[in-house]
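Architecture at a glance
Spelled out from the first residue to the last, the chains are:
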Amino acid sequence: MDRKQIFDILDPVYPCYAIGEHARECEDPYVVLKFDSQLQSVNNAKCGWQLVHVFLYAPLNDVTVLDDMLLKVQAALKTVLEFTGEITPEIVDDTVKAYTRRLKYKIPKEVI
């Protein structure tokens, strides 16, 4: 699973951006993807995991939009990425005037 495939899965659900790509005020819900560290599997030097953070952004006028976003994004990614179970509580991002939450997923990946 590569970056483009994940974008293609999420973009029909909510507009999807790479980290740093969306810097304007949040007027409609959107998703930001951030690819993080690669981790080596225990006792296996060739296989491991690529961590992927999925940030959910919703306008400040209704925090319940995040709940709906959470369900839709999890449903879209359920069969393609492994969910780690980590979901952050909602916080306010003043830079884009939005509520935000983060979900963490992992992808099996050959360690380079």
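Read on for a plain summary of the structure. All of these numbers come straight from a predicted model, not from anything done at the bench.

How each quantity is defined
- Residues numbered from 1 in each chain as written.
- Predicted model: local features only at pLDDT ≥ 70, side-chain atom pairs only at ≥ 80, totals over all residues.
- Heavy atoms only, no water.
- Helix = DSSP H or I, 4+ residues; strand = E, 2+ residues; numbered from the N terminus.
- Expected span 1.5 Å × (residues − 1).
- Buried < 20%, exposed > 50% of the residue type's maximum accessible area, 1.4 Å probe, protein only.
- Arc of directions from axis to C-beta.
- Contact = heavy atoms within 4.5 Å.
- Core = buried A, V, L, I, M, F, W, Y, C linked by side-chain atoms within 4.5 Å.

A few points about helix H2 (residues 64-77)
In this model, H2 (14 residues) spans 21 Å end to end at C-alpha, consistent with the 20 Å of a helix rising 1.5 Å per residue. Where H2 is concerned, the buried positions are Leu66, Met69, Leu70, Val73 and Leu77. All buried residues of H2 fall inside an arc of 105 degrees around its axis, so they share one side. Summarising the geometry of H2, the exposed residues directed more than 90 degrees from the buried face are Leu71 and Ala75. The elements touched by buried residues of H2 are helix H1 (3-10), strand E2 (30-40), strand E3 (47-59), strand E4 (82-87) and strand E6 (98-110).

Re H1
Ile6, Phe7 and Leu10 are the residues of H1 that are buried. The buried residues of H1 occupy one face: seen down the axis, they fall within an arc of 100 degrees. Residues of H1 that are buried sit in contact with strand E1 (16-18), E2, E3, H2 and E6.

Concerning the environment of glycine 20
With respect to the helices and strands, glycine 20 occurs in the loop between E1 and E2. For the pair glycine 20 and lysine 34, spaced 14 residues apart in sequence, the C-alpha to C-alpha distance is 9.3 Å.

Quick word on unusual backbone geometry
Although it is not a glycine, lysine 97 adopts a positive phi angle of roughly 55 degrees. Within the fold, lysine 97 resides in the loop between strand E5 (91-93) and E6. By relative accessible area, lysine 97 is classed as partly exposed at 43%.

Regarding the nonpolar core
Leu10, Val31, Leu33, Val54, Leu56, Val73 and Leu77 are the most contacted members of the largest nonpolar core, which totals 21 residues. If you list the elements that add at least two residues to this core, you get H1, E2, E3, H2 and E6. Setting aside anything within four residues of it in sequence, one finds leucine 10 in contact with Cys16, Val31, Leu33, Val54, Val73, Ala76 and Leu77. Among the nonpolar cores identified, the runner-up in size contains 8 residues, and Tyr17, Tyr30, Val32 and Tyr57 belong to it.

In short, shape yes, function no, at least from these values alone.
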